[in-house]
Amino acid sequence: MSAFRSSITATIETDTSKFTAGGTVFGNHMPRLIQIDGMRLECYLDGNMLVFIHDDIPGIIGLMGSSLGKHQINIAQMSVGRAITEQPGGKAIGVLNLDSLPAVEVTRDLEAQPGIQSSKVIELPPAGVKPPWFKPLGTCLCSSSSPSIAHPLQSNNRTSAPPLVREQIPVD
């Protein structure tokens, strides 16, 4: 991710899998997702997102648009990408920012389409709205009754973010 002046990469590893994501900020307030598991892309990091892994073949983007349109779901923004080492026809990723959340039936319908390997819906706060768990640097997220949540700048500690609460917090 050396193409960016600054970026951050995080890896989450469990007993059965490993997941890596990278991000950056354009300007002062425009976060972007720029990498997932080695696949490069650039997408807005806000609102309703549909992340899908697919075969990098002609027709996939049209298929996604037609399938979502059939369910009256509008695509606000789209980004697709693949790993630097991946050849056309291999594995690729797509991220769609949507105007509304798709129902479970919609994602099942998408995953049943040829060339779509998997999909995941992610709901983030809209652009310009801070997540409820956001704290400015220097603000401790820990308490004596919650040892698993620690200040992110303390060394040798694991941090976990509280679940997303559905309320809007105005940006200062």
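Notes on the structure follow. (Residues numbered from 1 in each chain as written. Predicted model: local features only at pLDDT ≥ 70, side-chain atom pairs only at ≥ 80, totals over all residues. Heavy atoms only, no water.)

## Things to note about the overall build of the chain
Moving on, step 1. Counting secondary structure elements, the chain contains two helices and eight strands.
Moving on, step 2. Overall, the chain shows an N-to-C arrangement of helices and strands of β-β-β-β-β-α-β-β-α-β.
Moving on, step 3. Taken over 172 residues, the chain has a buried fraction of 30%. (Helix = DSSP H or I, 4+ residues; strand = E, 2+ residues; numbered from the N terminus. Buried < 20%, exposed > 50% of the residue type's maximum accessible area, 1.4 Å probe, protein only.)

## Side note on the sheet that holds strand β4 (residues 39–44)
In any sheet, the strands associate via hydrogen bonds between backbone groups, in a parallel or an antiparallel arrangement.
Moving on, step 1. Overall, antiparallel pairing links the four strands, which are arranged β1-β2-β3-β4 in an open sheet. In the strand order of this sheet, the two ends are held by β1 (8–13) and β4, each with one partner. If you compare each strand with its neighbour and ignore which way they point, the axes differ by 25° on average. (Pairing = 2+ DSSP bridges. Axes fitted to C-alpha atoms, helices over the stretch in contact; angles between N-to-C directions.)

## A short note on the side chain of N48
Moving on, step 1. Among the structural elements, N48 can be located in strand β5 (residues 48–55).
Moving on, step 2. Every residue in contact with N48, bar those within four places of it in the chain, is listed here: L96, N97, L98, D99, S100, L101, I122 and E123. (Contact = heavy atoms within 4.5 Å.)

## Remarks on the packing of helix α1 (residues 60–70) against helix α2 (residues 104–111)
How two helices sit against one another is set out by the angle between their axes and by the gap between those axes.
Moving on, step 1. Where α1 meets α2, the axes come as close as 10 Å, and the angle between the chain directions of the two elements is 150°. Compared by their axis directions, α1 and α2 come out roughly antiparallel. Between α1 and α2 lies a crossing whose hand is right-handed. The residues of α2 that touch α1, namely those facing M64, S67, L68 and K70, are V106, D109 and L110.
Moving on, step 2. A per-class count over the contact of α1 with α2 returns four nonpolar, one polar and two charged. (Parallel < 35°, antiparallel > 145°, perpendicular 65-115°, else oblique. Left-handed = near helix turned anticlockwise from the far one by under 90°. Nonpolar A, V, L, I, M, F, W, Y, C, P; charged D, E, K, R; others polar.)

## Some details on the pattern of salt bridges
Moving on, step 1. What the rule picks out here adds up to three salt bridges.
Moving on, step 2. Across the salt bridge formed by E42 and R32, the nearest N and O atoms sit 3.3 Å from each other. In this pair, E42 sits in strand β4 while R32 sits in strand β3 (residues 30–36), placing the two residues ten residues apart along the sequence.
Moving on, step 3. Owing to a relative accessible area of 8%, R32 belongs among the buried residues under this scheme. (Salt bridge = Lys/Arg side-chain N within 4 Å of Asp/Glu carboxyl O.)

## Some points on the sheet that holds β5
Moving on, step 1. The antiparallel open sheet is built from four strands, whose spatial order is β6-β7-β5-β8. Looking at the sheet topology across the chains shown, the edges are occupied by β6 (75–81) and β8 (116–123). Averaged over neighbouring strand pairs, the angle between their axes works out to 15° when direction is ignored.
Moving on, step 2. Bridge count for β5 against β8 is seven bridges, and the pairing is antiparallel. Within β8, the position partnered with F52 by the bridge is S119.
Moving on, step 3. Here α1 sits on the sheet in contact with β5, β6, β7 (91–98) and β8, set at roughly 140° to β5.

## Side note on unusual backbone geometry
Moving on, step 1. Of note in the backbone geometry, D37 takes a positive phi value of approximately 45° without being a glycine.
Moving on, step 2. The residue D37 is located in the loop between β3 and β4 in this model.
Moving on, step 3. Overall, D37 belongs to the partly exposed group, its relative accessible area being 39%.
Moving on, step 4. In this model, Q72 sits at a positive phi of 60°, which is unusual for a non-glycine residue.
Moving on, step 5. Following the sequence through the fold, Q72 ends up in the loop between α1 and β6.

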